[in-house]
Amino acid sequence: MNRSLNPTVRSCNERAILSLIRQHESMPKAQIAKALSLSAQAAMVNINKLEEDNLLLRGAPLKGRVGQPSVPFRLNPDGAFSFGLKIGRRRFDLILVDLQSTQRASVSVEVNEASVDELKSFLETHIPQLISQLEPELRSHVCGLGVAMPFDIWQWQASIESCKSSLSQWQNFDLKSYLESQFGLPAFISNDNNAACCAELSFGNPKNYNDFLYVYLGAFLGGAVVINNQVLEGKSGNAGAIGSMLNTEREQLLSQCSLLTLQTLFDQRQLNISVYELTESQFIAHKALISPWLEQAAKAISLAMHNSLSLLDMQAVIIDSPLPSKALQLLKQLSVEAFTKLDSRGLRSCEVSLGICGEKAQSIGSAQLALSRHYF
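None of these values were measured; they are calculated from a predicted model.

A. Molecular detail of the overall build of the protein. Each helix and strand in the protein was counted, giving 12 helices and 13 strands. Taking 21 Å as the expected radius of gyration for a compact globule of 376 residues, we find that the protein reaches 22 Å, a close match to that expectation. Looking at the protein as a whole, 52% of its 376 residues qualify as buried. Relative to all contacts within the protein whose residues are 6 or more apart in sequence, the contacts with residues 24 or more apart total 68%.

In structure tokens:
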């Protein structure tokens, strides 16, 4: 694939304009200039350049006002594309999104071992396939590949002993170099839960919390922290690793809050169900089996909430997971109930809400990495 690893990076004003239009869906030049404190001339020059580069589209003139009709501008969905890749312990997810962050295509696979070889086979098959679904003239508009994955994934082999040999491969594997050399796309790698939190911050968070703890119950319990509308990454990009908090038995919370544990329960009973594709009807049918697991997970989440509140005094906790809606609502209820049983003297209560991105949160968040680097 003959692509530049350094696509054109837009100027500060151009990026501000694109970000503003993404936030408001469409805006005329005059409103853009006012919102960004730009002169009419500067706004016109930058908007014209973005339009020439096929990143903006003109809408129909807005009539019925005094003076000349104003023309709103919106993002051109075909202006740029980005891949998002989630590397899980048992699953790979790949999506292709456009400049409006609309998903154009996706593919997922569950694997017994999250090995480097399995990943290479998956990507070398499906990235060319997804690109081929674009019109030929649009294929050069793919600007990069974002990756959401657990940092130091090889350290999880103690929790998944059967994957020990495959997980150890990751320790000496240069993922970024492989992706860039194999596919000719700039690659951007993020902690998986930070990526999921970015998706919630960009496309969810309907109550517009400025400060919150993001809790994601995936293969293991994980999280992220948002302060002043920004994801707090920490010195190594691993802030918010609530799964590594200890419970009263000095065990990490992820040991009692894991979708892999639920999958084991399904497998032991020979139920042909994937925890990542669990439906509402399946949840209802097997609620007696799933509920005790939810109660255990809720206890772990309540401890993470308690410990985080003692440090950060947040507005809210947002809980998300691939679980279906009814299971997620029950998890929220049980987590709140478990929290009320803890000694919370000196703490201020916060709201608890549910995320909206679900199973695709990490993939959606990773797809924003390349778009944000170049356009927003």
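B. Highlighting the pattern of salt bridges. Following the criterion strictly, the structure yields 14 salt bridges and no others. For the salt bridge of Arg91 with Glu277, the shortest nitrogen-to-oxygen distance reads 3.9 Å. Here Arg91 is found in strand S5 (residues 91-98), whereas its partner Glu277 is found in the loop between helix H8 (259-268) and helix H9 (280-285), with 186 residues between them in sequence. Taken together, the shared-partner salt bridges in this structure form one network comprising Lys86, Arg91, Asp93, Glu110, Glu277 and Glu359.

C. How the structure looks around the state of the cysteines. Tallied over the full model, the rule gives zero disulfides. There is no disulfide at Cys12, and the cysteine sulfur nearest it, in Cys143, is 18 Å away. Note on Cys357: no disulfide assigned, nearest cysteine sulfur contributed by Cys197 at a separation of 10 Å.

D. Up close: helix H11 (residues 325-340). Given a rise of 1.5 Å per residue, 16 residues ought to cover 22 Å, and the 23 Å separating the end C-alpha atoms of H11 matches this to within 8%. Of the positions making up H11, those classed as buried are Ala327, Leu328, Leu330, Leu331, Leu334, Ser335, Ala338 and Phe339. Residues of H11 that are buried sit in contact with strand S9 (212-217), H9, helix H10 (287-312), strand S12 (316-320) and strand S13 (351-354).

E. Quick look at the environment of Gln31. Residue placement: Gln31 occurs in helix H2 (residues 29-35). Once the C-alpha coordinates of Gln31 and Ala43 are considered, the two residues, 12 residues apart in sequence, prove to be 9.7 Å apart.

F. Region of interest: the sheet that holds S13. Strand order in the open sheet made by the five strands is S11-S10-S9-S12-S13, with mixed pairing throughout. Every other strand in the sheet has two partners, leaving strand S11 (230-232) and S13 as the edge strands with one partner each. Across the sheet, the mean angle separating the axes of adjacent strands is 30 degrees when strand polarity is ignored.

G. Quick look at the sheet that holds strand S6 (residues 103-110). Spatially, S6-S5-S4-S7-S8 is the arrangement adopted by the five strands of the open sheet, whose pairing is mixed. Since the sheet does not close on itself, it has two edges, and those belong to S6 and strand S8 (187-191), each with one partner. Across the sheet, the mean angle from the axis of one strand to that of its neighbour is 15 degrees, orientation sign disregarded. Strand direction decides the pairing type here: S5 and S6, joined by seven bridges, are antiparallel. Of the residues in S6, the one forming a bridge with Arg91 is Glu110. Sheet strands touched by helix H4 (residues 116-132): strand S4 (81-87), S5, S6 and strand S7 (142-149). Its angle to S5, the strand with the most contacts, is close to 25 degrees. Strand contacts of helix H12 (residues 361-374): S4, S5, S7 and S8, with the helix running at about 140 degrees to S4, the strand carrying the most contacts.

H. Representation of the nonpolar core in the model. Ranked by internal contacts, the top residues of the largest apolar core, which has 45 residues, are Leu294, Leu323 and Leu331. Elements with a contribution of two residues or more to this core: S9, strand S10 (221-227), H8, H10, S12 and H11. The element best represented in this core is H10, accounting for 12 residues. Among the nonpolar cores identified, the runner-up in size contains 41 residues, and Ala33, Ile95, Cys143 and Ala370 belong to it.

I. Expanded view of the packing of aromatic side chains. Taken as a whole and assessed by the stated rule, the structure comprises five aromatic pairs. Their ring planes at 80 degrees and their centres at 6.1 Å tell us that Tyr178 and Phe183 sit as a pair that is edge-to-face. The burial state of Tyr178 is the same as that of Phe183; both residues are buried. In textbook terms, an aromatic cluster arises when at least three aromatic residues are bridged by ring pairs, as seen for Trp170, Phe173, Tyr178 and Phe183. One cation-aromatic arrangement involves Arg22 over Phe376; the distance from NZ or CZ to the ring centre is 3.9 Å. Over the face of the ring belonging to Phe188 we find Lys176, whose NZ or CZ atom lies 5.7 Å from the ring centre.

J. Just the packing of H8 against H10, in detail. Where H8 contacts H10, the two axes come as close as 11 Å, and the packing angle between them is 155 degrees. Classified by the angle their axes make, H8 and H10 are roughly antiparallel. Considering only the axes of H8 and H10, their crossing is right-handed. Residues Leu259, Thr261, Leu262, Leu265 and Phe266 of H8 form the contact with H10, whose participating residues are Leu289, Ile290 and Trp293.

What counts and how
- Residues numbered from 1 in each chain as written.
- Predicted model: local features only at pLDDT ≥ 70, side-chain atom pairs only at ≥ 80, totals over all residues.
- Heavy atoms only, no water.
- Helix = DSSP H or I, 4+ residues; strand = E, 2+ residues; numbered from the N terminus.
- Rg over C-alpha atoms; globule rule 2.2 N^0.38 Å.
- Buried < 20%, exposed > 50% of the residue type's maximum accessible area, 1.4 Å probe, protein only.
- Contact = heavy atoms within 4.5 Å.
- Salt bridge = Lys/Arg side-chain N within 4 Å of Asp/Glu carboxyl O.
- Disulfide = S-S within 2.5 Å.
- Expected span 1.5 Å × (residues − 1).
- Pairing = 2+ DSSP bridges.
- Axes fitted to C-alpha atoms, helices over the stretch in contact; angles between N-to-C directions.
- Core = buried A, V, L, I, M, F, W, Y, C linked by side-chain atoms within 4.5 Å.
- Phe/Tyr/Trp six-rings, centres within 6.5 Å; stacked < 30°, edge-to-face > 60°.
- Lys NZ or Arg CZ within 6 Å of the ring centre and 35° of its normal.
- Parallel < 35°, antiparallel > 145°, perpendicular 65-115°, else oblique.
- Left-handed = near helix turned anticlockwise from the far one by under 90°.

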